[in-house]
Amino acid sequence: MARSDLLISLVRAGASGDRAMLKSATEALVAEERAQNHHIVADRLERALSTVAITPPALTAASSPAGSGKDTILELEPRLQLSQLMLPLPVEQGGRQLIEEHTRADVLRAHGYEPRHRILLSGPPGNGKTSFAEAVAEALGLPFFVVRYDALIGSYLGETNARLRKLFDYVRTRPSVLFFDEFDSIGKERGDTHETGEIKRVVSFLLMQLDQLPSYVVVIAATNHAELLDRAVWRRFQMRLAFPAPDRQRIGVFLNRIISQWPDAPKAAAKSIAAKLGTVSFAEALDFCQNVRRRQILGLGELSIDDALRSELDLWATRVSPEVLNGERPDQTDTETASDRPAAKSTRPSSGRTRPSTKLNR
Ligand SMILES: Nc1ncnc2c1ncn2[C@@H]1O[C@H](COP(=O)(O)OP(=O)(O)OP(=O)(O)O)[C@@H](O)[C@H]1O
């Protein structure tokens, strides 16, 4: 299957004159041959590749970078490691299994199995879905491709499918981790009456492409709205991992990890800071900590870490939430400034987020 895909990519690359695709498909074949100790074939393939015309062929619509699948993805160098993330146990275990299945794929294949390679991550924003995908790419030593919806979704009939085809043609030329963030924006429920037939065609085409993808392309899709996904799309994923919002205790441990690396330890315990932050995502807790350090660094030695922390907690209590920005509840910051507000006040209307007191436990 994997091999036949590579051969098809080679034929397509030859037909369209896409030298990048030709090179990456050949390199993938070379890697495969070497993995099977077929060094003579691998050497011949490499020699053949080196004789490919140096002069680039005239650009055509199909072969131009603007028209290739490469435009619809962003290639990032994965740096994050799984051990740097605070993950729920099932996610951590799922991640380790996934990595093992791919690093020891030859053992599985010897028994007629392929490693799992279609993974769905769900959960509220800022709790590590993107980071997890990056960490999987890092652990496997693979490029991390992030799908760019701005370049993928077209307004003309059939345009999105044509771009999806190019995207999949491009990624199947080499092992990689392909990441679809906000996957619900493309894999939506086909029964949605507000959508035209176009979305159905896109979802059907996407399913077909997912089915045909070789296992050396690990597709990781993330969604904040798993309930919006088409059932058939949901079923396609071999591993589904939930990233729930962290509770206060986990945020406390997370804060402690960060704070313990600061040059000066604040007097307040991480647990007490977590209580003051209220219900937050890991990303929000991290932002908060980074702001404290920014404040202290710019204080040029005049500001202690405790002052910086207290000051940032004061600001935190006056934060404008997305609900205010969306007009779902009134903002009180117009009539009241941070300095007007007593330090321990936390009476802003709650909308899921607990407004913390700004007084530190010392
Ligand atoms: N579980 C976690 N452990 C450690 N750090 C985390 C965790 N979750 C998020 N972070 C930090 O927050 C940042 C943003 O998280 P990330 O982009 O992975 O969240 P996400 O779930 O993909 O959010 P979105 O749904 O908005 O795309 C990361 O760069 C990371 O530094």
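Given the structure is predicted, the values throughout are model-derived calculations rather than measurements.

K.L.:
Could you give an account of the sheet that holds strand β2 (residues 118–122), with specific residues and numbers?
P.N.:
The strand order across the open sheet built from 6 strands is β1-β3-β4-β5-β2-β6, with neighbouring strands paired in mixed fashion. The open sheet has two edge strands, β1 (73–76) and β6 (239–242), and neither has a second partner. Between one strand and the next, the sheet's axes are offset by a mean angle of 20 degrees, whatever the strand orientation. As defined by bridge partners, β2 adjoins β6 across 4 bridges and the pair is classed as parallel. Paired with S122 across the two strands is A242, which belongs to β6. Running over the sheet, helix α4 (residues 89–103) touches β2, β5 (217–223) and β6 and is turned about 150 degrees from β6.

K.L.:
Any chance you could break down the site of the ligand for me, citing the residues and the numbers?
P.N.:
As a structural note, the neighbourhood of the ligand is formed by 16 residues, with M86, G126, K129, T130 and S131 the closest of them. Note that an oxygen atom of the ligand is positioned 2.8 Å from one of the backbone N or O atoms of G126. Interatomic distance of 2.9 Å between a backbone N/O atom of G128 and a nitrogen atom of the ligand. In the complex, 78% of the free accessible area of the ligand, which totals 630 Å², lies under the protein chains. Because more than half of its atoms lie within 2 Å of the grid, the ligand is assigned to the second largest pocket. At the level of elements, α6 (129–140) and α13 (282–298) are the ones that each hand at least two residues to the shell around the ligand. Per-class residue counts for the shell around the ligand are 7 nonpolar, 7 polar and 2 charged. Summarising the domain contributions, the shell around the ligand has at least three residues from each of domain 2 (68–242) and domain 3 (246–362).

K.L.:
Go over the layout of surface pockets, please, and point to the residues and values.
P.N.:
The gaps of empty space that remain are located by a probe, the size of a water molecule, rolled over the atoms. Taken as a whole, the second largest pocket encloses approximately 550 Å³ of empty space. For the lining of the second largest pocket, the secondary-structure elements that each account for two or more residues are α6, β5, α11 (248–259) and α13. When the residues that make up the lining of the second largest pocket are grouped by side-chain class, the tally is 11 nonpolar, 9 polar and 4 charged.

K.L.:
Run through the pairing of β2, naming residues and quoting values.
P.N.:
Most of β2 sits inside the fold, with 5 of its 5 residues counted as buried. Burial along β2 is two-sided: the residues R118, L120 and S122 and I119 and L121 are all buried. When β2 meets β5, the two strands line up parallel, connected through 5 bridges. The residue bridging S122 from the neighbouring strand is T223, located in β5.

K.L.:
If you had to explain the packing of helix α8 (residues 159–171) against helix α9 (residues 197–212) to someone new, which residues and values would you point to?
P.N.:
To characterise two packed helices, one gives the angle between the axes of the helices and the distance between these axes. Running from amino to carboxyl end, α8 crosses α9 at an angle of 15 degrees, the nearest separation of the two axes being 9 Å. By the angle between their axes, α8 is roughly parallel relative to α9. Seen along the crossing, α8 lies across α9 with a hand that is right-handed. Where α8 abuts α9, its residues E159, T160, N161, L164, R165 and F168 lie against E198, R201, V202, F205, L206, Q209 and L210. Considering only residue class, the contact of α8 with α9 consists of 6 nonpolar, 3 polar and 4 charged.

K.L.:
Help me get a handle on the packing of aromatic side chains, residues and values and all.
P.N.:
Enumeration over the complete set of coordinates arrives at 8 aromatic pairs. A centroid spacing of 5.9 Å and a plane angle of 35 degrees characterise the contact between F144 and F179, whose relative ring orientation is tilted. Taken together, the residues span a long stretch of sequence, with F144 in strand β3 (residues 144–147) and F179 in strand β4 (residues 176–180) at a distance of 35 residues. For the pair F144 and F179, a shared accessibility class is recorded, and that class is buried. Arranged with centres 4.9 Å apart and planes meeting at 75 degrees, the rings of F254 and F282 form a pair that is edge-to-face.

Cut-offs and rules
- Residues numbered from 1 in each chain as written.
- Predicted model: local features only at pLDDT ≥ 70, side-chain atom pairs only at ≥ 80, totals over all residues.
- Heavy atoms only, no water.
- Pairing = 2+ DSSP bridges.
- Helix = DSSP H or I, 4+ residues; strand = E, 2+ residues; numbered from the N terminus.
- Axes fitted to C-alpha atoms, helices over the stretch in contact; angles between N-to-C directions.
- Contact = heavy atoms within 4.5 Å.
- Near = heavy atom within 4 Å.
- Polar contact = N/O pair within 3.5 Å; in protein donor to acceptor, adjacent residues only side chain to side chain.
- Areas by Shrake-Rupley, 256 points an atom, 1.4 Å probe, with all protein chains shown as cover.
- 1 Å grid on protein atoms, 1.4 Å probe; cavity = no way out; pocket = protein on both sides within 12 Å on 5 of 7 lines; lining within 4 Å.
- Sits in = over half its atoms within 2 Å of the grid points.
- Nonpolar A, V, L, I, M, F, W, Y, C, P; charged D, E, K, R; others polar.
- Domains from an automatic or database assignment.
- Points joined across faces, edges and corners; volume = space filled by probe spheres on them.
- Buried < 20%, exposed > 50% of the residue type's maximum accessible area, 1.4 Å probe, protein only.
- Parallel < 35°, antiparallel > 145°, perpendicular 65-115°, else oblique.
- Left-handed = near helix turned anticlockwise from the far one by under 90°.
- Phe/Tyr/Trp six-rings, centres within 6.5 Å; stacked < 30°, edge-to-face > 60°.

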